[in-house]
Amino acid sequence: MRDKTYGILKRPLITEKSTTDKEQHNKLHFEVDRRANKIEIKEAVEKLFKVNVLEVRTLTVKGHNKRVGRHTVRTSDWKKAIVTIKPGQRVEFFEGV
């Protein structure tokens, strides 16, 4: 059976809000696979970054309508995960952002 860990987390979300959450509340933001559940997300973050996850919150971000010339297209819906890690632990990937 193939390991799904690397397919669950698509990319980190680095915005002003996510940076503030990381510094003040130890929360990391990720774009994740739409089929992933909270348990799979928790296991993937713990395995990849070697941290203890306290809480996982997920939300589905709806796509937007965009104009392309005279046509209207819709962007895809995607899933966002906000992961709270144990106080005092850090993820080197997010440092210096």
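Residues numbered from 1 in each chain as written. Predicted model: local features only at pLDDT ≥ 70, side-chain atom pairs only at ≥ 80, totals over all residues. Heavy atoms only, no water.

Asks: Give me the lowdown on the side chain of Asn26, citing residues and values where you can.
Replies: Here Asn26 is to be found in the loop between α2 (16–25) and β2 (27–32). Separated by 3.0 Å, the side chain of Asn26 and the backbone oxygen of Lys86 make a polar contact. What Asn26 contacts, discounting residues up to four positions off in sequence, is Asp21, Val83, Thr84, Ile85, Lys86, Pro87, Gly88 and Gln89. (Helix = DSSP H or I, 4+ residues; strand = E, 2+ residues; numbered from the N terminus. Polar contact = N/O pair within 3.5 Å; in protein donor to acceptor, adjacent residues only side chain to side chain. Contact = heavy atoms within 4.5 Å.)

Asks: So what about the sheet that holds strand β1 (residues 9–12)? Which residues, and what values?
Replies: Sheet architecture is open: 4 strands sit in the order β1-β2-β6-β3, paired in antiparallel fashion. Of all the strands in the sheet, the pair left with one neighbour each is β1 and β3 (53–61). The average angle at which neighbouring strand axes cross in this sheet is 30 degrees, direction not considered. Here β3 runs beside strand β6 (residues 78–85); their pairing, made up of 8 bridges, is antiparallel. (Pairing = 2+ DSSP bridges. Axes fitted to C-alpha atoms, helices over the stretch in contact; angles between N-to-C directions.)

Asks: Break down unusual backbone geometry for me, citing the residues and quoting the values.
Replies: For Asn26, which is not glycine, the phi torsion reads 60 degrees and is therefore positive. Of note in the backbone geometry, Lys50 takes a positive phi value of approximately 55 degrees without being a glycine. Within the secondary structure, Lys50 is located in the loop between α3 (38–49) and β3.

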